[in-house]
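Residues per chain, in single letters:
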Amino acid sequence: MEAVIVILMLLFVSFVVLGVYVGVKAVGAAKRGVDRTLTQARRTVEDTSLRAKSLGQPGVAGELAQLRLSLRTSMRATQEALRRGVAQDASLSESIGLFDRLSEHGHELDDELKRLEREPDKARVSTLVPDLRERTERVTHAADSLRWAARDRARQFADDDLAALSAQIDVESGALRHWEKEPGADTSWPAPEPAAGTAPAQTWQDESDGRAEAAEAAEAAEAAGSAGESGRAAGPQAITARDPQRQTTYPWQKTARPEGTV
């Protein structure tokens with residue numbers, strides 16, 4: 001009985017611990033989701049306000065807002081491209097390391113531009129704008145270079161994979177059409193051999209062969225006609241009787257005896 005109670009208590013404690021763990025994980029996931037949503041909302045609001053300032057406020061304030069907007073847009077696009085590409089190409093991990101170092105300079109520049117937006121001495125800020133513009137261009141150019149290099153690499157891999165796949169499909173298509181002959185091969189059916197004891201089948205002859213045989217037949221007929229005419233010109237010949245003295249005798253024939261001899 002005590003063993004059953006101990007087992008039930010252990011099961012109860014296990015379920016409680018498991019419930020607490022699941023609850024903590026759920027709360028953490030919800031908190032991260034809320035933080036992500038708040039970050040995106042804050043970023044959207046800030047980008048919208050920067051775009052409005054760059055278009056609506058002339059002078060130094062509008063130029064600073066334009067620099068911040070271009071910097072944030074370039075850095076965000078590069079970050080998304082690299083993190084999306086590293087899942088398919090592990091060699092981009094080094095590029096992500098370089099981008100993290102570049103992000104430090106980008107955040108410092110963005111914070112400095114943000115402070116100068118609230119600076120009341122606009123004349124002094126205007127003297128710093130050329131240097132800030134050059135730094136912003138250097139950071140955005142580096143970010144754009146990384147982003148376009150990653151995209152070109154991904155596109156090259158896709159082109160190579162497509163070329164290899166097309167070659168394999170061509171080979172497979174040729175194997176499926178195995179009944180087709182090679183170009184230039186003789187595709188005519190062979191003539192059947194004649195059976196033993198049968199006359200050869202009649203074949204069609206060329207026109208030149210027919211003319212040659214007709215000429216030979218005409219020459220043969222002409223020769224036969226000339227021979228007949230020469231025979232008829234000589235006339236009929238008389239049949240001569242056999243000479244009894246010249247009759248040939250054979251050893252097995254008996255000699256005729258005269259009458260009166262025995």
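Residues numbered from 1 in each chain as written. Predicted model: local features only at pLDDT ≥ 70, side-chain atom pairs only at ≥ 80, totals over all residues. Heavy atoms only, no water.

S.K.: I'm lost on the packing of helix H2 (residues 60-85) against helix H4 (residues 122-176) in this one. Help?
M.R.: A pair of packed helices is captured by two measures, namely the crossing angle of their axes and the spacing between those axes. Two elements in contact, H2 and H4, have axes separated by 9 Å at closest approach and are oriented at 20°. Between H2 and H4, the angle falls in the class roughly parallel. In this structure, H2 meets H4 at a crossing whose hand is left-handed. Each residue belonging to the contact of H2 with H4 can be placed in one class, and the counts come to 15 nonpolar, 6 polar and 6 charged. (Axes fitted to C-alpha atoms, helices over the stretch in contact; angles between N-to-C directions. Helix = DSSP H or I, 4+ residues; strand = E, 2+ residues; numbered from the N terminus. Parallel < 35°, antiparallel > 145°, perpendicular 65-115°, else oblique. Left-handed = near helix turned anticlockwise from the far one by under 90°. Nonpolar A, V, L, I, M, F, W, Y, C, P; charged D, E, K, R; others polar.)

S.K.: How should the environment of Ala149 be read in this particular structure?
M.R.: With respect to the secondary-structure elements, Ala149 resides in helix H4. Classification of Ala149 by relative accessible area gives partly exposed; the value is 46%. Separated by 67 residues in the primary sequence, Ala149 and Leu82 place their C-alpha atoms 9.9 Å from one another. (Buried < 20%, exposed > 50% of the residue type's maximum accessible area, 1.4 Å probe, protein only.)

S.K.: Which parts of the structure should I look at to understand the packing of helix H3 (residues 93-117) against H4?
M.R.: Where H3 meets H4, the closest approach of the two axes is 10 Å, and the angle between their N-to-C directions is 160°. Accordingly, the angle class assigned to the pair H3 and H4 is roughly antiparallel. Judged by the twist between their axes, the crossing of H3 over H4 is left-handed. Where H3 approaches H4, its residues Ser95, Phe99, Leu102, Gly106, Leu109, Glu112, Leu113, Leu116 and Glu117 are matched on the opposing element by Lys122, Val125, Leu128, Leu132, Arg135, Thr136, Val139, Ala142, Ala143 and Leu146. (Contact = heavy atoms within 4.5 Å.)

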